[in-house]
Each structure stands twice: as C-alpha cells, then as structure tokens.
Amino acid sequence: MADNQGISDDSSEEPEEDEEEARRIREGFIVDEDEDEEEDDDEARARRRKRRKRRHRRREEEEALEDDDLELLEENTGTSFRNRLTRLRRGPEGGSPPVPLTSKRKQIVESSDDDLDDEDLPQVQDIQRIWDDERAGGGREDDEDMDDFIEYEGDEEGAGAMDEQEREERRRERKKRERERRRALGSRPELAGIDDLAWDEIHGVFGDGHDYDWALGGDDEMEFEEERLKPEMRYQDVFEPSEIRARMLTEDDDLIRAQDIPERMQLATSSLSQSSTLSLHQNLTEADLDDAAMWVTVRLSPRKTRDFFSPDGPYNMYREPLVMAVTYALRFLFVQEFEVSYVWTHKRDYISYFNPQEMRTRVQLISLAELWRIHALGQKYRSLAERRNALAVSYTRLGVEDEYFEQTIRPKIDSVEVVTDATEWLTMKYKFKKQDAFDFQFHDDEDQGETRKRKTPSRISAYEVAKKSIVSKLADGFGIKPHEVVYNFVAQENAHFVDDQELNPIAFAEQFTDPDVTAAQTAEELLRRARMILATELGKDPLLRQAMRDLFKTDALISVLPTERGLTKIDEHHPYYNFKYLHHKSITQMMDTPQFLHILAAEAELLVTVSVFLTSDAKSKFERRLNDAFASDSYSDTARAWNEERSRVVQEALEQHLIPVGIKWAREWLREEVEDTLAAHCGNVLRERIDVAPYITPEMKPGDTASVLSVSWGKGDPQKDAITLVFLDEAGRLREHIKIDNLVDSEYRDEFTDLLKRRRPDVIVVGGFSMATTKLSSRVKEVVNGESPSAEQTNGADGWGAAEPRKEANEQAFNIPVMYVRDEVARMYQHSRRAAEEFSALSPVAKYCVGLARYAQSPLNEYAALGQDITAITFEDEDQHLIPKEKLLLALERTLVDVTNKVGVDINRAVNDSYYQHLLPFVCGLGPRKSQVLVKKIAAMGGNLINRDQFIKSSLLTTKIFLNAAGFLRISRDPEVKLVKNRHADDDIQDPLDDTRIHPEDYELARKMATDALELDEEDIHDEHPSHVVSLIMQDPDNERKLNELNLDEFAVSMYEANEDRKRHTLNVIREELLKPFSEQRAPFPSLEPWDVLTMLSGETPRTLRMGLIVSVLVVRTDQKFVLVRLDSGIEGVINIEYVTEEGNITPKDVIKRGRTIQGVIVEVKLNLAADQFFIDLSVRPSDLAPGDGLFRRVKRDDHWNVPQFERDLEMQARKKRAEIGRTRRVIKHPNFHNFNASQAENYLDKQQRGDVVIRPSSKGVDHLAVTWKVDDKLYQHIDVTEINTGQGGTLLIVDEKHQYADLDELIVNHVQATARKVEELMAHEKFKYGSEDELHLFLKNFVAANPAKSIYGFTLNRRKPGHFNLCFLANKNSTVQTWPVRVMPESYCLFEAAVAGVPELCDAFKVR
C-alpha cells in the first residue's frame, strides 16, 4: 500500500475534517492531495482491497472475544490480549493444518501462552513492516513527526480500546526502535553516505517496494479464502472416471479387495471386463440346497437327464448320488464360497460316486464342464430365489388370501419367467387393492397425502373397463372361473365342473343390456366383451403361460422368408443364402449350430423376416386340452351353444395372449442357448491352445523350459526388411537381439552360425507376415543342418543376396529343431503398450519375435497376459462376432482359470517377474484386484515367502481366500536348505509340502501317508519337523514302490467311517505329488498343421483355397514345360504344360507372357510343411474356365428349404428382369426430364417450390410421358401426356381433347404453369381455408352456430384429387355441409360443367346455382 507508507514532505498538511477523510485515516490511509491521477487510482484500488480485508476480518472476528471479556482477562492475568489475540487466525475447519501462503508479508503467526509473555518477540506488525523499515532507513529524522499520521494494522485493530496516552507511548516506542535500527544500518559500509536526496532519487527510479502491494495483498486474501474453503482433494477430483475404473480405484474395487469372498464371486461379469460390476446377491443357505439341487440337476443337460432320470437310462441307479453330488457342489460354491477349480481339485470325492462298499466302482457323476454349468445354473437359481422372495413380500403386502395362488401357483414357480407372470397376474387381479396397499405403506399422515397428489400417467385397458362394468357378471355366467379351467388343464382331469345355464348365450346376454336405448349394446357385443375378460384372465395365467413355453421349447418350428431388399441382396454366394428360404425347421435342431444367430443378424439388417410358430399338431392338442378343461359335459343345445362360446374364448386366449408370449420367449431362449454353446466352443478352442506344456526337446524333462531363438523376416521384402533374431534364455530373459540382411551371404551365415554356437538354443521358432517366411524357414534349416545353399537358391533371383560359389556340405550341423508357432498373440503384442513398456528400444518385428519365443516357452502365459484383448483372437472364424463380448470373456476366463490352477503359480516368481505375474489373477480365489494387493504386500515384506503359513500369519490373505488359493500357490523349495528338527523353533522355514498341489488342510494326510510308506512309528519322528518324513519319502529312490504298496482304498474307508471324510481321490493326488511335485499334467507342445501355417502366413483357408475355385494369378516366370504364378496372398502356383491349352503340347512361352494377370482354376493344393513348400496346381484351359466356379462358391442350402416359394420368387425376379430389359430407358434432352418413377418424382419435388415440374417416363408405354408437378406440400398432380407422331418429323403432346402442345416447353408454360397460377389465385382468396376438408366443415359449423341467421361457404384443396378444390357450404344450422367439386384448368375453373374465367366469377356461379 503505497499510500499507507508514503510520508509527505509537507509537514503542515492536515486531514480534511469530514467523515470520509476521517474514515480513511482510521483505515490506514494518508490523503495526499498533491498525488497525480494514477495515485488516485491506486488509492481506489487500495480502498477496495481494504474493504475486502475488513469484511474478511469481520467474518473471522464473529467468534472472537468481546471487549468486556478481554478486560476481564486483563484484570485476572495482568497481560494485554487486545492486539495479540486479534492477530491470531483461525485455521480451517476440521482441524487440518493451515495452508501456507505465498506472500512474505502475510505469514500466519501461531501464538501460545508462552509467546504472549515473551516481550522480546517482535510484534506481528513489525515483521510485516520490513519494507517500511528498509525504506525509512535513509535517516530522515526530520520527518519523524509524520509517524503520528501513519496508522499501522496493529493500531487499527486496537484503536477502539486505546486512549491518547497509550497511543503516544506506542509511537515513542516505535521511534526508539527505528533509531536503533538506523544506527545499526549506519555500520553497514554499503549504505553509508546515502542522504535523503539520494534516497528520494532511488525511490523515484525503483520505487519503494510497495507499488504492487494492492495486487499482491488482494491475491493473498483471495488465496487464503480459496484455500480455507477448498474441500479436501481426492483422486476422484483429478482423474477421469474411466481412468479410475481402468486402474481399479473405485469404491466398488476397494470393497472387492476388502471382502473375504473370492473376487470372481463378487462380480456380475468377467473380471477381465473393463465394465465389470459388483454383484449384489444374497448367498444360498443350507435350507435352499435341496430345492436348488433338484432344480439344477434336471437342467444340467438333456443327455444327463436321459441317462440318469429315464427308467431305462444306463445310469438310472446313480440318480440319487448325482443329486447328492450336485448338492455338495452347490454347498461348496454358494454357501462355503469355494471356486470351481478348488472344488474340482480338492473336493472331487464329493462330486464323484463314493460308496465304501464299492470302492472299486468309479463313476464320474460330474465333469469339469458340468461343474461350471452347475455354477452358472446356481447363479440363476439364486436370482430366482431372490425374485421369489420379493414376490412373497409383495403378496403379503397386498393383505389378501388367494387359495389358487398359494396352493397352485406358488409351488410351481420354478423360473424367472413364472415369477414375472405371477407378478403380472397378481397386479391384474388385485390392481386396486395393490394401489391401496401402497398408499397405506407410504402415507404417514393426511398432510403428506395431500402433498403427494400429482397427476400420474394412466392406461386403462379395455379389460379393466369391461371388468368394472356389468359385463363381468355376464362373464361369470360362463359357469366356471378361469383359474378353475387352468387347474383342470394342469391336472389333466376335471376337478372343477361347469354350472350350465338354462338360457342360451344370446338370451342370457340380453338380460344385461342397458334399458337406455341410446346407450344400449347388443347382446353379441356384450358376449364379445365377456369373452375378452375370460380370454385375458386365461392368457395372463402363469401356469398356462409356462405350459405354452414348454410347448414352444420342444415343438416350435422356425421359418424364414426374404424381404424385398433381401430378395436381391442375398444371392447364391451370400452367407445368408443357407437359410434364405428356411422352412419349418425344428427349434431342437438349431440348438447346436450358430445358424439362428445368423438369422437374427440378417433380420437386424432387414434382409429376412423370421417366423416362430407351433406345429399344427402341438397347437391343436394344446387347444383341445384347454377346451376339454373348459367345456360342459352336457349334450343339450344350450350346452353346445355355451361350449361354442367357450371355444371362442380359448381361441382368443391362444391367439391374443399365449402364443405371442411363447413366440417372444422362444426367440430369446434359443438365442441365449446358442450364444452359450458358441461361447463354450470358443473356450474349448482356447483350452486346446493353452492346455499344453511349454516346448521341450526329447532330452529335456517335463516341466523344464527351453531357451528359444526366434527368427522373422517381417513382410519378407528383400529391399526393405532385414531378418530379425531374438534369443530368450530358460528364464524368459532377452539375452540377444541382432539383425542380418540375408542367410545367403557367407558373412551373414557365419554371424548366424556364431549365434547358434554361443547361445545353443533348444529350439528355433519362425514366424512372419507373408509367404516369404517359408523361404526363411528353409534357409534356417539349411544352416542348422550344415547344408550349403543350392545353385538354384544362390542365383540371386529371389532377392536373398548375390550369387555365392557353391560350398561343400561340410559346415557344422546343429541338432536344433526349427518350427512354426502360432503368431496371433505375437502380432498383438508387437503393437501393445505392454511391449512398449518392456522393450521400448526394440523394433516392432523384434517385439513380434519376443512374442513368438514367449509363446514357445508358455502359451498359457501369453494368452493370460492379453487381458480383455483376448477377445480379439479368432477362435471361430465365421461365428465369433455373433457372441456378446461379455459372454465370450466369461467363457475364455473360465478356461484360463482352469488351466492356470491346473498348472499352479510360483508366488515368489510372480512377485518379482511382472510378465509371469499375469497368471496370478486367475488363481482360485484371487482376481485382478486381490492379486494386485497380494503382490504389494509380499513386495513390502521383501518379495520372498518361505512357506504357505505366511499367507495367514502375515495377513497376506484372508481365511476364505487362503483356503481357495493355497493349493495352487507353490513356494519353490531350495534343495540346499534342510529342515530343522523342531518346527516351532522357527516359523520361517521351508516345508516340502508347500511345493506341491496338496492343500494345507491335507498336510497331515500326506505326512501320515509318508510315515506309513516308510514304515516309521510316531516315536521315530517325534522330535523331527512334521514334514521331515515327506522329505525322506521324496528323496527315497524306491519311493514309487513304497507308496504304491499302500492300500489307499482301505485308508479312505477308515477315514469315511471315522468322520465321514471323502478323500479317495485326494489320496491319489497326494501320492502323485509326493512322487512328482507339481508334475506337468498338460499335453505336449503341439506342432502346427500345414493348413494352420498356410493360414497364418497368407490368410487363405480351406474355404477360400479349394479345388474348383477360379483365382487371379500373376505370371512370374514361363518355361518350356510349366508356368510359375503367384496369387495375391503370396502363395505360388504352377501351371503345367497339359493345363495351358486344350491340345496340351504347346509351349507355355508362346501362349502366356510374363507379368500378365490371368484367371486360373485350382486343380490341387499341395502342402509339404517339412520342406516348407506350399503351392497349388492350376489350369488355364478354356474348357476348365468356361463353366465358372459358381457351383463351388455357391452356399449350400439348408435341408429345410421352401422350394415352392423359392421357385415363385425366382420366376417373379426373372419376369422383372425381362421387363427391365424390354423397357428401354428413355433419354429426353430437357432440364426437367428425369428417369424417375412416381414416388421418386414426389421425393424429388418435396423440397422444391409449388408449381415445379418433373417430366418422366410413363409406365403406359413408350408413346406416353408423365408430368408431375407440385400443387402444395405433400400434394402432387400426375398428368398423363400422349405423344403422337405427326408424320412430318414432329410430335404432338396431347393432355386431353382441348389441350395439345407442340413441345415440352409449351406444355410446361401453357398448361402446368397456367394451372399453377389458377391454383395460387384461388388459394389467395379470402374464402380459401388451409387444412383438411374436415377442418373446413368444423369452421363452417362454428360460424353458423355463432351466426344462426347467416349461411357460409369456403374453398379447400381436394387432397384425394390433386389439382381440384372442394367448395363446401352450409345453408343454415339445421342443414348439413354440402361439398361441390371445382376443377382447375389452365384457362378456367369448372364448377360441375360450367367453366368460369376467374375466382369472382366462380363465386357468382356458385351463388347462382
């Protein structure tokens, strides 16, 4: 504040004696009238800032002590609190520390009681006046009296309670301190000799340091206020929600991490999905298991039902053990919350046939796939149970007692659809009761009821209207209630009988007619409405609907017909042609094929229409059963008449309610089933690819990992692409990466040979993006086998290098296999973010090579590392895109979980190896979130675990997660470490059982088995580590014999009899693990089939490259006896001399030129993977090409083909084609001529002006033209014009007898435009009314009603006859509106046959008539 510290040279200046100046002085301002305008602006800004400060200070002092309180404190303590306490600032609410400010002049001072008593501490205002002190250091003692005019903040704050004497003492004290400071400054040589004039000059140039205080101070205050009011910062305020979800930092993610429930069981979708959501379900209880087991068992699969539940099924005697096994599975999965892999591995005995009396009988009751099916069905049952409970609550809230619902419907609720139907049925039956119940529930008092009154949308159906009327009484007269009919239908016997009426239906209905003749309805209409009531109640019945769904599930038929668009678009080569005319195909035949998904896709593209319906036999049988349940047994004429009415009710219920419900459900059910089947198939394909061991040579042991040299030539362009080589050691670490130009030059061959000598890889894998990779593979094999390049290969023709002199075959050979591996994962990896983070310095091809090598070392790890991108891999060529992504992810994740837990995960390696860590989320019980936390916790402990006990003792895993995961997390044992004698002496020691698949809960069993096998007694091992015997049996050279001698069956029986433990399979697992811990259980690494390699390198498949297809080929080379060609995909082909011409003996050079592209038909596809030869034989003989390949490319029809409809449509299309050919397209050189039909012309004119014209061909023949002009919006007149040849080289255009024209321009001007002018003239008349004829009628009636003594008329456009008007008039209020036609001609209006020239004449003509 410049004004605040500036000292005037005019000592005689006195403040103005007005209130404004006095207030300014109190607020710390010195008023200098000699300051210029700029200083006045500064003063205004400073004044505004001071006002802001004062408002802020008032807010802070609202809670400060009053003056009386301060005086009381001073009397009791003898200390002054006035200035010091008011300098304290309150910190932010909530007790958080104060936010530091940036300004040096506004530091927050915190005081304590000790500080208040310390007189040596500088005053706050002194600290804040440093700049004042420096400025005043010039020694201007003559101006010290001006200090009396300077108001400091401290003075301002204390001025209210300070008398003149106290102020004078304060001034003296301040002057004394300034003199002492100036003396101290005098001792500084750099400031010596600066007089007042010099200081004035310095301040004039540089200012006094306070020029921008007004801005800084305001910023500080605003910053302080903002900091004080700013809420605590959270990461949700910084990151995008999508980023937070991707990093798994949402509140749901935190909840998933914290809960002691397996992660995948907490999610409603796959854990791989970015949009995975928390599942808010209630677990099943023991009380639910029996019902759940029966519900799940009958839905496992049709084969299971047939084998176990049919009286003649091969496994009928194991029906009860199957139900018991399903019960155990559900208990483990949904009560104890163990994952599928845990149940399959550690609880297999409970889901297999176990009978102590028949231990030799081994029957697998449930397979792994069926265990996953039980898991899925259990989730559906859990959802059903929740909905049933909600329905029960709603029913209780209604407060009614419905015997039919409680006794008949509720016990049969076994699907979500029935719950929905039952809810709808209760709503229909007790709608008003339900509303009252809800009103009672939500209304606490009358006032609240009044405030809740608001208009809500309402839909009252015809059923509700009829139900409230007298018609409901008529419906009761049918003699039996709808729910009794359903009961008879379900029971298949008539437990309820019809009460016959004495009167026939018409006579009975006449009793309910309204006496008021004007409002009366006929008896037939009343009967129709009564039938509608009964049909609706039958159609809404949950049990009837379920019966209809069951019927559709077994007897539905599906037909397909093409739409108008599909007729032309789906030709014989279109993939949808297979079902274009599908006819009456059974729904059961579509379960195992993806055909129905393709049908739905075609329907979505508006190419076909799909019909789902019942067979006529099934429908008539259902209808007959329902009629029998409804009909009367009497034989009288009246009874027959009533039965006919009941039959109509049944017909209406079927057509309007039951069948539409069945159709809708059948479509969705079939779609779900086919999607599940297809997703499961993709999961099985993935299992075939990852349930394989890493590649090993015959010399290696199962479980070992090979070192891999990966080689790729990229796209194989010799001018651009080098050969990239990447070597990975046994631990998967990148050890070497080089590039060489080719494998022909001796220099590069030597470099490659040197690499093989140094690294000695166990296997060489080859991959690439083109067919040139086959040449690379061939060259690599030559080098490895010690062969020299052949003369043919070294001629440089293939671009591999210059010709080299032929060497002898004496080069060193290596016993290293060379093979292709799948590269789909490597192709994704080379461009992934993961590759960029791991190997940022490598080229994309080198990263691709890393992916190939890793695949050879562990296919499982490579697929697991893909995460949600795994759906981009093709498992099913033509159908995978039809599966919803979430469903596909779920199926693929299940396969990854199965195989990962089958293999096991080394937890210490996972913590320290980020690549291997990708397997950890698939371990039983874990997931992306829980594995992330586990890795962090172990890393914080040092990154290494000694034994499995640490998972619990160090709180790494919660109890349930530990039980799920422990058997699959291996802790590799250091063979150098020996067990100590007493385990309790040191918990941090290794246990050999921690490096096995044996679950910790079975450790005692393993120790017992080892003790028995070694024939030791308890005393022999009393002082040893509990697992010492396990070490002994593992190291015993004769361990296999000793363990095999144990009678495990007897041991299992004794355990079952002791405490009902089922451990027969577990004992087998323990024996295998004691012999070979974590032994390799996967199939050996497979070699690719020739077609797999060809598809990988070229993209061709057996469908695109098969005998009989005609393909385009480029001629590469011609010879005396053959022609070398190449397909677009890079595959090479050969045309032998006999396939060049019909004669078969003409030299190919004379017929085919090099560089040309020709058509050839495939004769044979020859694949020789060992020799890296992939080529095709072709023929270019005209006789082979002439028939074409339509027969081979044509899509095969479905066996259920609608031949009559197909032939009819074929004939219709042929007729249209002939008509198109016969009708030549006319071309007339006129700007208004277009080759349009009527609708196209109207669409074209839609955006044009009124009166615009289109001339177009006429459908009446070549001697006609059609002229379309726009009368009004959406109103067009089409004029037929006949062309007549005058015989003199000209034509005459005839519209009618009176209107003939010589050319089109004359027709447009004198006919169309003249007519348009007449239309515009009439539309501009005051009697013309826009809108429809009905609107004009209403206007006329309203006018006459308001003016009864007058008559009225008006004109409006006739929209049924474009180019005509309607003249409507109303003579008086008792008459009806009359309408007369008015035709518009180019030169006149015609009222009937009278022609008039203008609108006034037209009105006169009307009045005369």
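Since the structure is predicted, the reported quantities are computational estimates derived from the model, not experimental observations. (Residues numbered from 1 in each chain as written. Predicted model: local features only at pLDDT ≥ 70, side-chain atom pairs only at ≥ 80, totals over all residues. Heavy atoms only, no water.)

Colleague: What exactly am I supposed to notice about the environment of S972 here?
Modeller: Turning to its location among the elements, S972 is positioned in the loop between strand 10 (969-970) and helix 46 (1003-1014). When residues no more than four places from it in sequence are discounted, the contact partners of S972 are D906, Q990 and D995. (Helix = DSSP H or I, 4+ residues; strand = E, 2+ residues; numbered from the N terminus. Contact = heavy atoms within 4.5 Å.)

Colleague: Whenever I open this one, the sheet that holds strand 1 (residues 556-562) confuses me. Can you help?
Modeller: Where strands meet in a sheet, backbone hydrogen bonds hold them as pairs that are either parallel or antiparallel. One open sheet accounts for three strands, arranged 2-1-3; its pairing is antiparallel. With partners counted over all chains shown, the strands left at the sheet margins are strand 2 (585-586) and strand 3 (608-614), one partner each. As defined by bridge partners, strand 1 adjoins strand 3 across seven bridges and the pair is classed as antiparallel. Paired with V560 across the strands is V610, a residue of strand 3. (Pairing = 2+ DSSP bridges.)

Colleague: Teacher, can you tell me more about the sheet that holds strand 13 (residues 1132-1136) here?
Modeller: With mixed pairing, five strands are arranged side by side around a closed barrel as 11-12-13-15-14. For this sheet, the mean inter-axis angle between neighbouring strands, taken without regard to orientation, is 50 degrees. Note: strand 11 (residues 1110-1118) against strand 12 (residues 1122-1127), five bridges, orientation antiparallel. Looking across to strand 12, one finds that V1115 is bridged to V1125. Set on the sheet, helix 51 (residues 1090-1098) makes contact with strand 14 (1157-1168) and strand 15 (1173-1179); between it and strand 14 the angle comes to about 140 degrees. (Axes fitted to C-alpha atoms, helices over the stretch in contact; angles between N-to-C directions.)

Colleague: Is there a simple way to think about the pairing of strand 4 (residues 708-712) in this case?
Modeller: Along any regular strand, the residues point their side chains to alternate faces of the sheet. Taken across its five residues, strand 4 has five buried, putting it largely inside the fold. The alternating pattern of strand 4 places V708, S710 and S712 on one face and L709 and V711 on the opposite face, and all of these are buried. The pairing of strand 4 with strand 5 (residues 723-728) spans five bridges and is classified as antiparallel. From the neighbouring strand, L709 faces strand 5, where its bridge partner is F727. Across five bridges, the pairing between strand 4 and strand 7 (residues 763-767) is parallel. Each bridged residue has a counterpart across the sheet, and for V708 the counterpart in strand 7 is V763. (Buried < 20%, exposed > 50% of the residue type's maximum accessible area, 1.4 Å probe, protein only.)

Colleague: Can you help me understand the environment of S710 in this one?
Modeller: If you trace the backbone, S710 turns up in strand 4. Sequence spacing of S710 and V850 is 140 residues, and the spatial spacing of their C-alpha atoms is 7.1 Å. Beyond its immediate sequence surroundings of up to four residues, S710 is in contact with T724, L725, V726, V765, C849, L852 and A853.

Colleague: Explain the packing of aromatic side chains here, please?
Modeller: Centre-to-centre distance and the angle between the planes together describe a pair of aromatic rings. The full count for this structure, using the stated rule, is 36 aromatic pairs. Seen in terms of ring centroids, F508 and W642 are 5.7 Å apart; in terms of plane orientation they differ by 70 degrees. Their pairing is edge-to-face. Taken together, the positions of F508 in helix 28 (residues 505-510) and W642 in helix 34 (residues 637-690) put the pair 134 residues apart, joining distant regions of the chain. Pair check on accessibility: F508 and W642 agree, each one buried. Here a set of aromatic residues connected by ring pairs shows up, and it is made of Y1353, F1355, F1369, W1380, F1392 and F1406. The ring of Y915 is capped by R854, whose NZ or CZ atom sits 3.8 Å from the centre of that ring. The ring of Y916 has R909 lying over it, and the distance from NZ or CZ to the ring centre is 4.0 Å. (Phe/Tyr/Trp six-rings, centres within 6.5 Å; stacked < 30°, edge-to-face > 60°. Lys NZ or Arg CZ within 6 Å of the ring centre and 35° of its normal.)

Colleague: Honestly, a negative patch on the surface in this entry has me stumped. Any pointers?
Modeller: On the surface, D741, E747, D750 and E751 cluster together into a negatively charged patch. Following the sequence through the fold, D750 ends up in helix 35 (residues 746-759). (Patch = residues over 30% accessible without salt bridge, like charges linked within 9 Å, V, L, I, M, F, W, Y side chains within 5 Å. Areas by Shrake-Rupley, 256 points an atom, 1.4 Å probe, with all protein chains shown as cover. Salt bridge = Lys/Arg side-chain N within 4 Å of Asp/Glu carboxyl O. Lys, Arg positive; Asp, Glu negative; His and termini not counted. Charge placed at Lys NZ, Arg CZ, Asp CG, Glu CD.)

Colleague: Would you mind going over the side chain of N627 with me for this structure?
Modeller: Its place among the elements puts N627 in helix 33 (residues 616-630). Under the relative-accessibility criterion, N627 is labelled buried at 18%. Once residues within four sequence positions are removed from consideration, N627 is found in contact with R646, S647 and V650.

Colleague: How do you make sense of the nonpolar core when you look at a structure like this?
Modeller: The tendency in soluble globular proteins is for nonpolar side chains to be buried side by side. Y863, I870, L896, I907, L920 and F951 are the most contacted members of the largest nonpolar core, which totals 200 residues. Of the residues forming this core, the biggest block, 18 residues, is contributed by helix 34. Formed by 48 residues, the second largest nonpolar core is a distinct cluster that contains A772, L1105, L1109 and I1162. (Core = buried A, V, L, I, M, F, W, Y, C linked by side-chain atoms within 4.5 Å.)

Colleague: What is the right way to look at a nonpolar patch on the surface in this model?
Modeller: On the surface, a nonpolar cluster with roughly 460 Å² of combined accessible area is contributed by M233, Y235, V238, F239 and L249. For F239, the location among the structural elements is in the loop between helix 12 (213-229) and helix 13 (241-246).

Colleague: What is the right way to read unusual backbone geometry from this model?
Modeller: Peptide bonds are mostly trans, and most non-glycine residues show a negative phi. For H584, which is not glycine, the phi torsion reads 55 degrees and is therefore positive. Locating H584 in the fold gives a position in the loop between helix 31 (564-569) and strand 2.

Colleague: Looking at this model, I keep getting lost on the confidence of the model for the protein. Mind explaining?
Modeller: Low-confidence regions, as indicated by low pLDDT, have predicted coordinates that should not be scrutinised in detail. Chain-level pLDDT for the protein is 81 on average; 80% of the residues reach the 70-or-more range. Predicted confidence is poor over residues 24-39, with pLDDT under 50, and the contacts of this stretch with residues over four places away or in other chains come to 31 contacts. (pLDDT = per-residue confidence, 0-100.)

Colleague: So what exactly am I meant to see when it comes to the pattern of salt bridges here?
Modeller: Pairs can form between side chains of opposite charge whenever their charged atoms are close. For the coordinates displayed, the defined rule picks out 66 salt bridges. Of the charged contacts, one joins D253 and R929 as a salt bridge, the two residues approaching to 2.5 Å between their closest N and O atoms. Separated by 676 residues along the polypeptide, D253 in helix 14 (residues 251-258) and R929 in helix 43 (residues 928-940) bring together distant segments of the chain. R929 matches D253 in its accessibility class, with the two residues each being buried.

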